[in-house]
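Descriptive analysis of the structure
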Amino acid sequence: MPNIVACFKWVIDEAYIRKGPSGTLDFSAVDYKISDYDRNAIEEAARLKGFHGGSVTVLTAGAPAASKGVKDALSRGADQAFFAGDPTFNQLESSQTAAILGEIIRSRIPYDLIICGEGSSDQYAQQVGPRLAENLGIPCISYVQKLTIGADGRIIAERRVEDGVEVVEAPLPVVVTVLPEINTPRIPGVKDTLMASKKPVVTIKKEELPPVGAARLQTLGMTATRMERNCEKFAAMPEGIARFVEALQKRGVIN
Amino acid sequence: MPGVWIFAEKKDLAQELLTIGRELASPIGVKVTAIVPDQGDQGDIYIAGGADEVVLLSPLAEDMSLDAWLPVIAAEAKKADPDLILLAATARGKDFAARLAARLETGLCSNCIALHREENGTIVMERLAYGGAAVQQVTCPTRPVIATIPPRTFAPAPADHGRLGEIRKLPPPPPSPVRVIARKTKERSSQDITEAKAVICVGRGMEKQEDINIARQLADLVGGEVGCTRPISEELHWLPDDLCIGLSGVQVKPDLYIGLGVSGQIQHVTGIRGARVICAVNKDENAPIFQAADLGIVGDLYDVTPKLVEELQKATGR
Ligand SMILES: Cc1cc2nc3c(=O)[nH]c(=O)nc-3n(C[C@H](O)[C@H](O)[C@H](O)COP(=O)(O)OP(=O)(O)OC[C@H]3O[C@@H](n4cnc5c(N)ncnc54)[C@H](O)[C@@H]3O)c2cc1C
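Residues numbered from 1 in each chain as written. Chains lettered and ligands numbered in written order. Predicted model: local features only at pLDDT ≥ 70, side-chain atom pairs only at ≥ 80, totals over all residues. Heavy atoms only, no water.

Before going further, it helps to spend a moment on unusual backbone geometry. The omega angle of the peptide bond from Leu172(A) to Pro173(A) is 0°, so this bond is cis rather than trans. Along the chain, Pro173(A) falls in the loop between strand S11 (164-171) and strand S12 (174-178). Residue Gln126(A) is not a glycine yet carries a positive backbone phi of 55°. Residue Tyr130(B) is not a glycine yet carries a positive backbone phi of 50°. Residue placement: Tyr130(B) occurs in the loop between strand S7 (123-129) and strand S8 (134-139). (Helix = DSSP H or I, 4+ residues; strand = E, 2+ residues; numbered from the N terminus.)

Before going further, it helps to spend a moment on the site of the ligand. Around the ligand, the surrounding shell holds 29 residues, and the nearest of these are Arg204(B), Thr229(B), Ser248(B), Ser263(B) and Gln267(B). One chain alone does not account for the residues near the ligand; they come from chains A and B. At a separation of 2.7 Å, an oxygen atom of the ligand approaches a polar backbone atom of Arg204(B). Between an oxygen atom of the ligand and a main-chain N or O atom of Arg230(B), the distance comes to 2.9 Å. Within the complex, 85% of the 990 Å² of free accessible area of the ligand lies under protein. Looking at the shell around the ligand, the elements that each hand over two or more residues are helix H1 (36-52) of chain A together with helix H6 (230-235), helix H7 (266-269) and helix H9 (301-316) of chain B. Among the residues making up the shell around the ligand, the classes are represented as nine nonpolar, 14 polar and six charged. (Near = heavy atom within 4 Å. Polar contact = N/O pair within 3.5 Å; in protein donor to acceptor, adjacent residues only side chain to side chain. Areas by Shrake-Rupley, 256 points an atom, 1.4 Å probe, with all protein chains shown as cover. Nonpolar A, V, L, I, M, F, W, Y, C, P; charged D, E, K, R; others polar.)

Our focus in this paragraph is the sheet that holds S7(B). Taken together, the four strands give an open sheet; going across it, the order is S14(A)-S8(B)-S7(B)-S6(B), and neighbouring strands pair in antiparallel fashion. Either end of the sheet is taken by a strand with one partner, and the two such strands are strand S14 (218-224) of chain A together with strand S6 (112-117) of chain B. Across the sheet, the axes of successive neighbouring strands diverge by a mean angle of 20°, strand direction being ignored. Bridge count for S7(B) against S8(B) is five bridges, and the pairing is antiparallel. (Pairing = 2+ DSSP bridges. Axes fitted to C-alpha atoms, helices over the stretch in contact; angles between N-to-C directions.)

Residue and element names in this part refer to chain B. With domains assigned, chain B is organised as domain 1 (3-169) and domain 2 (193-316). Relative placement of domain 1 and domain 2: their C-alpha centres are 34 Å apart. Counting residues at the interface gives six residues for domain 1, matched by seven residues for domain 2. Both faces combined, the contact of domain 1 with domain 2 buries some 480 Å², and carbon together with sulfur accounts for 62% of it. Remark: the boundary between domain 1 and domain 2 carries zero salt bridges. Here domain 1 is connected to domain 2 by one residue pair in polar contact (both at pLDDT 80 or more). (Domains from an automatic or database assignment. Contact = heavy atoms within 4.5 Å. Buried area = accessible area lost by both parts, 1.4 Å probe. Salt bridge = Lys/Arg side-chain N within 4 Å of Asp/Glu carboxyl O.)

Take the environment of Val70(A) next. Residues and elements named next belong to chain A. Along the chain, Val70 falls in helix H2 (residues 67-74). Distance from Val70 to Gln91, taken between C-alpha atoms, is 17 Å for residues 21 residues apart in sequence. Leave out the neighbours within four places in its chain, and Val70 touches Phe8, Thr60, Ala81, Phe83 and Val201.

What follows covers the nonpolar core. Residues Phe244(A), Leu248(A), Leu256(B), Tyr257(B) and Leu312(B) are the most contacted members of the largest nonpolar core, which totals 68 residues. Looking at this core element by element, the count peaks at six residues for helix H5 (residues 212-222) of chain B. When residues of this core are sorted by domain, at least three fall in each of domain 1 (3-169) and domain 2 (193-316) of chain B. If we skip the residues at most four places from it in the chain, Leu256(B) touches Leu248(A), Val253(A), Ile254(A), Lys197(B), Ala198(B), Val199(B), Val222(B), Val277(B) and Cys279(B). (Core = buried A, V, L, I, M, F, W, Y, C linked by side-chain atoms within 4.5 Å. Buried < 20%, exposed > 50% of the residue type's maximum accessible area, 1.4 Å probe, protein only.)

Following both chains from N to C, one finds helix H6 (residues 238-250) of chain A and H9(B) inclined at 50°, their axes separated by 9 Å at the closest point. The angle between the axes of H6(A) and H9(B) places the two elements in the oblique class. The way H6(A) lies across H9(B) gives a crossing that is right-handed. Within the contact between the two elements, H6(A) uses Ile241(A), Ala242(A), Phe244(A), Val245(A), Leu248(A) and Gln249(A) and H9(B) uses Val304(B), Lys307(B), Leu308(B), Glu311(B), Leu312(B) and Ala315(B). Here the contact of H6(A) with H9(B) is composed, by residue class, of nine nonpolar, one polar and two charged. (Parallel < 35°, antiparallel > 145°, perpendicular 65-115°, else oblique. Left-handed = near helix turned anticlockwise from the far one by under 90°.)

With that settled, consider the sheet that holds strand S10 (residues 154-161) of chain A. As summarised here, the arrangement of the 10 strands in space is S13(A)-S7(A)-S6(A)-S1(A)-S8(A)-S12(A)-S9(A)-S10(A)-S11(A)-S11(B), forming an open sheet in which the pairing is mixed. Only two strands of the sheet have a single neighbouring strand rather than two, namely strand S13 (201-204) of chain A together with strand S11 (179-185) of chain B. Strand-to-strand twist across the sheet, computed as the mean angle between neighbouring axes with direction ignored, equals 30°. In the sheet, strand S8 (residues 113-117) of chain A pairs with S12(A) via five bridges, with the strands oriented parallel. Of the residues in S12(A), the one forming a bridge with Ile114(A) is Val175(A). Across the sheet, helix H3 (residues 94-108) of chain A is in contact with strand S1 (3-7), strand S6 (55-62), strand S7 (80-85), S8 and S13 of chain A; its angle to S6(A) comes to roughly 140°. Its contacts with the sheet place helix H4 (residues 91-103) of chain B against strand S9 (140-149), S10 and S11 of chain A, and it is angled at close to 110° to S9(A).

Let's shift gears to the pairing of strand S2 (residues 31-37) of chain B. All names here are of chain B. Of all seven residues that make up S2, five are buried, and the element is covered over most of its length. Two elements, strand S1 (residues 3-7) and S2, share five bridges in a ladder whose sense is parallel. Within the sheet, the bridge partner assigned to Ile6 lies in S2 and is Ala34. Handedness of the crossover is the feature at issue here: the chain leaves S1, passes through helix H1 (residues 11-25), returns alongside S2, and the resulting connection is right-handed. Strand direction decides the pairing type here: S2 and strand S3 (residues 53-57), joined by five bridges, are parallel. Bridge pairing in S3 places Ala34 opposite Val54. (Right-handed = clockwise from strand over helix to strand, strands pointing away.)

Quick look at the structure:
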């Protein structure tokens, strides 16, 4: 019965980011969420457990406030959580995240299958899964849209590539990164949330881990992109639609 | 030895990377090395495109995938110690790049949309963050600097058949533990929406696959193509995914974009920023698409679109 680890990131919900003065990003009204595709990763772990038994461990490294995310993750079908929380883990770069997750998995969690989202909704660097696999010295299968564990303990994955689908097979353990179409993440109910607070959480302090190396990629700056336009709204009435078409003509985009 | 490496699975992507590879290599007089699968073309086309050295990867066995090259390329990179490695940001390329970066203990700028060398030699790279709400500028202090570059970021390198270069071949690598057991080629769209002058975009506001015809009718009328949001191509599979517009799809730059039942999340809007006039039909007046649009109709697309078609027919005399 497989021990499955699902990794997730607690991220700023990008929908709440405003453009501040002179191209800065205004984070003053933001909310946080489990990164979109990491919800698919947790769901897939829970789905496979439903099929094969075994266990589901959710794992994250982040700022102490990510404990909210740990609870959320536990309400999505996981049995236990490992959480490396530290204020300095707030803006980890992919190589650092992969190093921390790798260390925790190697030293503390029995694993057969590790599932990550294809990329996080904040950085979308799409590196943690493959880097984690390298750190653990195991194969990585990225961009997976369908996952099955065979009777012989091998994994069969359909991975999406430009020219179609590559169906691959590998012996466990492996790291898999999943696409959103692999499943529909559940919406946890009140009961799930209540149950989540009774599940074990192993909290790991920074001091218990080997020192985290410098970020391999250094951020020099972030500039807000210009997206807003002045929208002229038209009513869905005959006159409105006629005026809309006139506006298109005036702008020379139809002829 | 300093130099710029480019690595791509496909010829056209390699030619695009050669454009930027050459641009970065020439001013400091270093070599460009193209690492490409051997597709029976002897590699001269890459030399004509700007490579000084071509490394041809021998064809793989049917059950092998690009992964198998990882140990070989990592060993080559350790030996040759290039300054910069550019890979095409395809699914396999992105996975490969991240694992290569881990093996070479260096940084990777994923989905890099611009890069240049500063006077002091530092390579500064740009990428999108927060779904496209921000441009992030990064550097990588360790060598080699690695970046993946989305298709179509650079124009293909022009061919100069007078150029000279060396070609060598790498023997097939040993099999990796990941075995390919089947390949399914997928339906590709026959149109290139990245070049379309009008794009009608289908969003989740469409209830059924057949309803895409409503968008198609509008597209025909304005001489454009149909595109879609990610859920339409990827979750519902109603349209091929080369029609998905946005952060994880393609960028479009038509004169006219009309979103039908598109909410306008940042990851999608990022892909339409280059459109001259952005229009939206959405029944939710608070949908974020209206902040990104120039013209909007608040209403049910099933009610509005036929009327719009009629009005356009009148206006254009078709
Ligand atoms: C890392 C990452 C990358 C992503 N990359 C992309 C990408 O490249 N491209 C992309 O598109 N998305 C991408 N997404 C997903 C994106 O965040 C949105 O989920 C997606 O764009 C929403 O698609 P939609 O507008 O079709 O659907 P929805 O958000 O569900 O919106 C449907 C809209 O239709 C309206 N509607 C419903 N019925 C009607 C009707 N009858 N008439 C009129 N309006 C109606 C609703 O009001 C709603 O606004 C990405 C997400 C992440 C996290």
